[in-house]
Amino acid sequence: MASAMTTKISRTVLATSDPETLAAEILRALKYRVGKDMTVAKPHDWLTAAIQVVRDRIIDQWIRSTKEAYDRREKRVYYLSLEFLIGRLMRDAFSNVGVLDDMRVALRSLGVDIDVIAALEPDAALGNGGLGRLAACFMESMATVDVPAHGYGIRYENGMFRQEISDGWQVELPENWLDHGNPWEFERRERSFEVGYGGQVESLTDKDGILDRHVWKPAERILAVAYDTPVVGWRGKRVNTLRLWSSLAIDPILLAAFNAGDHVGALRDSNKAEALSKVLYPADSTSAGQELRLRQEYFFTTASLQDIVQRHLSQFGDLLSLPDQAAIHLNDTHPAVAVAELMRLFMDVHGVDFDKSWDAVKRTFAYTNHTLLPEALESWPVSLFDRLLPRHMQIIYAINAQVLLEARSSGHFNDEQIRRISLIQEGTERRVRMGNLAFSGSHSVNGVSALHTELMKVTVFADLHRLYPGRINNKTNGITPRRWLFQCNAGLTDLARETIGDKFLDNIEELKALDKFADDAAFRDSFAAVKRANKERLANYVAGRIGVKVDPSALFDIQIKRIHEYKRQLLNIIEAVALYDQIRSHPEREWLPRVKFFGGKAAPSYHNAKLIIKLANDVAKVINRDPAVRGLLKVVFVPNYNVSLAEIMMPAADLSEQISTAGMEASGTGNMKFALNGALTIGTLDGANVEMKEHVGDDNIFIFGLTTNEVAERRNNGYDPRAVIEGSPELSQALSAISSGVFSPDDPQRYRELLGGLYEHDWFMVAADFDAYAATQRQVDKVWRNGPDWYAKAIRNVARMGWFSSDRTIRQYAKEIWNVVP
Ligand code: 26V
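Procedures and definitions
Residues numbered from 1 in each chain as written. Predicted model: local features only at pLDDT ≥ 70, side-chain atom pairs only at ≥ 80, totals over all residues. Heavy atoms only, no water. Helix = DSSP H or I, 4+ residues; strand = E, 2+ residues; numbered from the N terminus. Contact = heavy atoms within 4.5 Å. Near = heavy atom within 4 Å. Polar contact = N/O pair within 3.5 Å; in protein donor to acceptor, adjacent residues only side chain to side chain. Areas by Shrake-Rupley, 256 points an atom, 1.4 Å probe, with all protein chains shown as cover. Nonpolar A, V, L, I, M, F, W, Y, C, P; charged D, E, K, R; others polar. Buried < 20%, exposed > 50% of the residue type's maximum accessible area, 1.4 Å probe, protein only. Pairing = 2+ DSSP bridges. 1 Å grid on protein atoms, 1.4 Å probe; cavity = no way out; pocket = protein on both sides within 12 Å on 5 of 7 lines; lining within 4 Å. Points joined across faces, edges and corners; volume = space filled by probe spheres on them.

Turning our eyes to something else, we now look at the side chain of Asp 92. As for its position among the elements, Asp 92 is in helix H4 (residues 90-97). If near-sequence neighbours (up to four positions away) are discounted, Asp 92 is found in contact with Glu 140, Arg 483 and Gln 487.

Following this line, the structure appears as structure tokens:
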């Protein structure tokens, strides 16, 4: 059924995409590009050949899109991001150009199973989590809604580490995603730019001795080389470019000669240059403040800006029209040095004065903030910044003088407030505040959910918001329905097509038409059958991967995301322990079988996060083996959570855990993926959960816990977690079980400190929210017991989630920030 239905999506772009033609082309590619014939071809060779065939067709559209943007003098969007969490590309590309099913048939005729070779494609994990995955969804949506756009980032040789679980502990292993080559990318040696570090700034004077220009003479120089990947939109209409920079020593041979005889020393330099694009920083909160990280940030920022300016000048001739032709977006503060770099290019390279440059820069940039966690807000020691980027440091001082002048002359700010507005944080060690730099150098500053945007206005950016009112705006995140529904959940997609027709394929908000089928018993049965098949797929995966058997008729309760204290995996695990306790002490009650799945990576240096992974595994071991539980509760930690695994887990969930401490999750996007695939959410009023509740309706979501304001009140008014714990028998029992070593008999003290924190301060309000959470879980049980009611709610979630498409988000950015007309 699936393939017969999806075939109709096909043949949008490609005149010659029948399976016979494709099969012939695959054989040609295998022979002339891979250099093999059928009899000796390995699965990897088939993968390469299949991709080449479709890639050729994408290239035609790519060249057309690029030329069209040029001929029509269209304004371009440049999305600067240190992370693009792309995942696999094959299914995405095949499905978007409409050849997925024909390729399946073509490959089958050659004796090849497309699903087998698809699984060989490496998962491109050039990102940590939410921010990186959002950038990938945005790239796909910009191509889909026809925004001419380039993504710019770093071509890390080693992306996010591969996580293995050994004796319950996280072990990090390198992920060499480029080992077998990458058929999607094109190296552009001719597109390379010099990147400088260190050295001196010289001041040039004119003939009258007046200071005329600054010239930065870097001590070190390396090359950034472009690698381009085409990004194809839905139905293959537009193909945009993702340009990733790789670092290269300028000339290793010359360098060696230069170091006359010191070959080892010279090679060290070239290794150092190439180290720049070697590895993604595997942390998504605490800024380690490492020099290499700042070097990476400047590396990809300057290469991208030089590229943008060169493209602009060659097409339009004059630099001052840049803001009319280019919208440059800063994905968080990671590329914020762009503000100083573009000023440098304007003033030092093109001789534009400060005022004109500053005006043009502000009209060009826009900035998105993705977190309010104080430890994740980037700042660099002035000493480091000055040593690495001396000219940029001068420019930042000049910008700061301008901003502080505006603040002072407004008369609205006292000294304390002026200090907070400053781009330089004073103290024993002076630091450059990248958020303030990005804010002051942009005409738009946005948050990623309504709540987060309001919090920005009253917390980190309160003073800058008063100085530049109207600059902060909201753009609630979204997800691409192509990857997160059509590809990962063919069963649900086909069911929806049979039921409401094809309109939703091009406008996901048309899923609304499913709403009335929530009351249709036959439809609910079909819906439940699709869910069941997706759960079986996950159960098989888990059995194969970690040897744990789970029952697909149990409630699948899933929390998958980075491991972080504010995301409160701990709350979920403690509730599992409490439930375990209840099942053992009340075997006579009617318990509903439930499987609690966890998945996620901890930053390698984040001690507590790693301990939480170990705890989940320790708890799983005891519960899963206890015969008294009779299989009513299972706990499963699925290793190496990544985009590909998300594609299996999202469609298989009945219950989605979105339980962060209110006010701390900027938006969340996993929450949207689950709901679009028919899971009900149990969550706090945090991030985009708030808006999801508005869209799906109060009756179709389980909300619990303190609100943002209540969290603040508690923290301010002497919150006493110990008293709360003592007042909750369920919680105290669960905590004492864990602290007394029930789950860690080999090391009973293992969790003492972790849980001690709950008694002492409990910053994340685990204790304060526990009872409400546990009670809401029992409410979940109650609804789950009534199958028709549960599925009706699940169907309403699917029907009402269309608004959370990244197509909607991108249209808002295009109209309200970038001023481009798709
Ligand atoms: C910060 C740092 C600090 C220095 C070390 C490396 C590093 C890498 C990333 C970050 C920022 C991470 C911020 C982030 O991922 N925020 C998430 O953004 C999602 C998309 O907007 C949003 O849905 C999540 O709620 C938010 O946590």
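Close contacts around the ligand come from 19 residues, with Ser 285, His 370, Asn 477, Glu 665 and Gly 668 the closest. One nitrogen or oxygen atom from the main chain of Ser 667 is found 3.0 Å from an oxygen atom belonging to the ligand. Computed on the free molecule, the ligand has an accessible area of 600 Å², of which 94% lies beneath the protein chains in the complex. When residues of the shell around the ligand are assigned to their parent elements, the largest contribution, 3 residues, is made by helix H7 (residues 130-144). For the shell around the ligand, the residue count by class is 6 nonpolar, 9 polar and 4 charged.

Here we come to unusual backbone geometry. Residue Asp 332 is not a glycine yet carries a positive backbone phi of 65°. Although it is not a glycine, Asn 819 sits at a positive phi angle of roughly 55°. Relative to the elements of secondary structure, Asn 819 occurs in the segment after helix H35 (806-818). When its relative accessible area of 57% is taken as the criterion, Asn 819 is described as exposed.

Attention now moves to the pairing of strand S6 (residues 169-173). Bridge count for strand S5 (residues 162-166) against S6 is 5 bridges, and the pairing is antiparallel. Each bridged residue has a counterpart across the sheet, and for Gln 163 the counterpart in S6 is Glu 172. Adjacent in sequence and paired antiparallel, S5 and S6 are bridged by 2 residues, among which Asp 167 carries a positive phi angle near 55°.

We now examine empty space enclosed by the protein. A full pass over the atoms with the stated rule returns 9 cavities of 30 Å³ or more. In this structure, the largest cavity encloses a volume near 210 Å³. Considering the residues around the largest cavity, the lining is formed by 17 residues, among which Ile 86, Leu 89, Asp 92, Pro 230 and Val 231 are closest to the centre. Elements with a contribution of two residues or more to the lining of the largest cavity: H4, H7 and strand S10 (220-232). Considered class by class, the residues forming the lining of the largest cavity number 11 nonpolar, 2 polar and 4 charged. For the second largest cavity, the calculated volume is near 60 Å³. Residue lining of the second largest cavity: Lys 561, Lys 567, Gln 658, Ile 659, Ser 660, Glu 665, Ser 667, Gly 668, Asn 671 and Asn 689, and that is the complete set. For the lining of the second largest cavity, the per-class residue count stands at 1 nonpolar, 6 polar and 3 charged.

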